[in-house]
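A look at the structure
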Amino acid sequence: MVQIAELTKDRSFRNRLILACISVALFVSVTYVVVSYRLTSELGVKTELNAMNLQARIIHNELANSGKSLDERAMELARILFAENQDLAVFVRVTGHDASWEYANKIPSSSVPELLNAISQQPQDSQGQVTTATGDFLWHDYQGQQYRVQLIQSNTALERTMSMVAKRLSIVSLIVFWIAIWLALTLSSFIAKRVQQKNDALAKIATHDTLTGLPNRLFLLDLLKRELGEAADKPRPDTARQETEGCLFVIDLDKFKVVNDSFGHTAGDTLLVEVGRRLKSLLADSQVLVRMGGDEFIVWASGMQIDTAKALAEKMVEICNAPVMINHLAVQTGASIGIAHYPTHAGSGEMLIVSADTAMYKAKQQHSGAVIFDEPDSEKYKASLRLRTELAQALEREEFRLYYQPKVALATGEITGVEALSRWHHPEEGILPPGAFIALIEDSGRIQEFGRYVIRHSIRQLAEWQKSGIHVPIAINLSPYNLLDPGLIDFISEQLDANGVEAQQLEIELTENETSQNINSIQQRLESLKQLGVLLAIDDFGTGMSSLAYIAELDVDIIKIDRTFIFDMHDNHKHQAIVATALTLSKSFRSKVVAEGIENREQAAMLVEMGCDYGQGYLYAKPVPSEQMTDMLRENPCLQLA
Ligand code: C2E
Ligand code: MG
Ligand code: MG
């Protein structure tokens, strides 16, 4: 993982830049000194050799034109030419047809043969430079008409060069060096500033979400690592880390994918930004809100205890449940929140997220808003994750089957219709009830596909029964998000036509709770369904917060009273009142009432007494596979004594 610290602070960069500039300056200065020095010393040697050539010629001409003896004149010349520089090591040899003469200063006669020998081994030339054990020498060999003049002298060009240029060179190189350092400092501070700005921008991009501007996963992991340390992934921490505590909330929007698919991605984005803004408004400055990606947010509240966390989570759920206006539509998703406490539920940041995620998953399945992590939930969470990955295949392999539960006329026990309830025939897990997979399907964005699957199979079943002379309507359960499917009405109409089934044979049950909150966005679809002739039922009536106006507006055909009110109606007066209200309502709206979850005769008798005509429950029959339902419809259409 990229370390944020690496991105934000690259202090060594400036030092490296300065070092590089100084190295370049040093290199330039050294090159300058070396080149200048070599050039100057080569020039010095050349000048010296020219001077020696001139001296040799003078010696030759003077000797040739002089009337004096060779020794005498040569000695005179040597004095004139070399007297000024007594320190100079010189050797002169003049040889002619009649005589020869030698002069040596500061060159021991013992080293002369060695010198002459070294010169003779040099390439055939009249002058040059030779180095022996005695030192470095320049030589010139002049062959005149009468005499051969050989001149050898120590090479003083180097010393002279040094004395002449060394001072100037060092001054210039010092100036170059200082200019380079100044340039390096100015440049490096400029570049370092630019790099820092770029690094800051990069760090912001890497650690923040571009849509909401909130910090992201990388930021959170880094923060948790800093606050909680690099702890081992064990549930109980060591004493050293016990002072730190805090709560982590994983907030996942419900059915966000459906909203995204139905209203478009721009609407989805608007929703996310708004939810982010609302959540932030609930938090203190020290609490951190992070967008983990998709429709998942995380809050890290350092120092928070579980009790306080629960209260905060409830506020979060409430604020997320409020609809968001998008394109004049009130879009509502809601949120499921999982809470995990450090150090009670995890020993490291990453495990804390996993724990809170597990709790969130439970909240999602139970539709319970906020849930605190509980160790045994982990296994269930893992199992659900596995199921989620198997959904697509299950749809393809048609592993979902419709079971049917009869609805009866309470007075006679006659079957007046059936409700189709989905079951997943899982190859390993066995038969799974809707509670184990509907939320998964809704959350995975496949609910519209699943809705069409249920519609197709139930209409096919209606056609089959019709062929064998059975005419009972089938009620199917649809999620309100199915109604956001733009092709739903056409699809139902095509399926009915293709199978030769009347629209009145199909009933659609919509759960009260969710429908009432999304009424604005689905109203038009519901009207189209009604026009098609399909019957509408409000399911689980009493559990939602529906207003009467909304029921009237929907013009529903059937109201199904939730079984929680039937279950204890004999000794719960409030529940009795709700049943009575539903019955009164149904009369004025001219809709039928079906009581759900009738399990005993006492309940059935009481409902009949209160004027409820229809019911459904284990007293009559449990949901059964299609074949069994077919037999039941054929052989036992009156279920009163079941
Ligand atoms: P629901 O539509 O209210 O269905 C009635 C639920 O109550 C069924 O549970 C049924 O088995 C159960 N039930 C019926 N009579 C009794 C009784 O006497 N006592 C008790 N304790 N329970 C009884 P099931 O099949 O588990 O379905 C649960 C919920 O899942 C359904 O509630 C419905 O909202 C949803 N569901 C089922 N199938 C589908 C589907 O294909 N699509 C969608 N979107 N939701 C579905
Ligand atoms: Mg139902
Ligand atoms: Mg129900």
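Across its full length, the protein chain carries 21 helices and 22 strands. Radius of gyration (C-alpha) of the protein chain: 51 Å, far over the 26 Å computed for a compact globule of 642 residues. Its C-alpha atoms put the protein chain at 165 × 55 × 45 Å along the principal axes. Taking all 642 residues of the protein chain together, 49% fall into the buried category.

The next point concerns the sheet that holds strand S5 (residues 147-154). Taken in spatial order, the 5 strands of this open sheet run S2-S1-S5-S4-S3, and their pairing is antiparallel. The sheet terminates laterally at strand S2 (100-105) and strand S3 (127-131), the two strands that pair on one side only. Ignoring which end each strand starts from, the neighbouring axes of this sheet average 15° apart. Sheet topology note: the strand S4 (residues 136-143)/S5 ladder contains 7 bridges and is antiparallel. If you follow Leu138 over to S5, its bridge partner there is Gln153.

For the rest of this paragraph, the subject is the side chain of His140. Topologically, His140 is positioned in strand S4. Here Asn53 takes part through its side chain, which lies 3.2 Å from a polar atom of the side chain of His140. Of the polar contacts made by the side chain of His140, one reaches the side chain of Gln127; its length is 3.0 Å. Beyond its immediate chain neighbours, meaning those up to four positions away, His140 contacts Leu49, Met52, Asn53, Ala56, Ser126, Gln127, Val149, Gln150 and Leu151.

Throughout the structure, instances matching the rule amount to 22 salt bridges. Where Glu419 meets Lys560, a salt bridge forms, and the shortest distance between an N and an O atom there is 2.8 Å. Here Glu419, found in strand S14 (residues 415-426), pairs with Lys560, found in strand S19 (residues 558-561); they are 141 residues apart in sequence, far enough to count as distant. Across this residue pair, the class does not change: Glu419 and Lys560 are buried. Because the salt bridges share partners, they merge into one network encompassing Glu419, Glu509, Lys560 and Glu596.

What follows concerns the coordination of the magnesium ion (ligand 2). Protein coordination at the magnesium ion (ligand 2): the donors are Glu419 (OE), Asn477 (OD1), Glu509 (OE) and Asp539 (OD), at 2.0 to 2.2 Å from the metal. Each donor residue of the magnesium ion (ligand 2) lies on the same chain, and together they follow the pattern E-x57-N-x31-E-x29-D. With a relative accessible area of 3%, Glu419 lands in the buried category. Of the residues examined, Glu509 reaches a relative accessible area of 1% and is grouped as buried.

Take the coordination of the magnesium ion (ligand 3) next. With distances of 2.0 to 2.6 Å, the protein atoms coordinating the magnesium ion (ligand 3) are Asp539 (OD), Asp540 (OD), Glu596 (OE) and Glu596 (OE). In terms of primary sequence, the donors binding the magnesium ion (ligand 3) are separated according to D-D-x55-E. Distance-wise, the magnesium ion (ligand 2) is placed 4.2 Å from the magnesium ion (ligand 3), both being coordinated by Asp539. You can call Asp540 partly exposed: its relative accessible area is 21%.

Take unusual backbone geometry next. Note the cis peptide between Tyr342 and Pro343, where omega equals 10°. Among the secondary structure elements, Pro343 is positioned in the loop between strand S11 (335-342) and helix H10 (349-366). Positioned with a positive phi, Asp540 is a non-glycine residue whose angle comes to about 55°. Within the secondary structure, Asp540 is located in strand S18 (residues 535-541).

Let us now look at the domain arrangement of the protein chain. Domain boundaries assigned for the protein chain yield domain 1 (12-160), domain 2 (217-388) and domain 3 (394-627). Spacing between the C-alpha centres of domain 1 and domain 2 amounts to 91 Å.

Calculation criteria
Residues numbered from 1 in each chain as written. Chains lettered and ligands numbered in written order. Predicted model: local features only at pLDDT ≥ 70, side-chain atom pairs only at ≥ 80, totals over all residues. Heavy atoms only, no water. Helix = DSSP H or I, 4+ residues; strand = E, 2+ residues; numbered from the N terminus. Rg over C-alpha atoms; globule rule 2.2 N^0.38 Å. Buried < 20%, exposed > 50% of the residue type's maximum accessible area, 1.4 Å probe, protein only. Pairing = 2+ DSSP bridges. Axes fitted to C-alpha atoms, helices over the stretch in contact; angles between N-to-C directions. Polar contact = N/O pair within 3.5 Å; in protein donor to acceptor, adjacent residues only side chain to side chain. Contact = heavy atoms within 4.5 Å. Salt bridge = Lys/Arg side-chain N within 4 Å of Asp/Glu carboxyl O. Donors = N, O, S within 2.8 Å, 3.2 Å for Na, K, Ca; no water. Domains from an automatic or database assignment.

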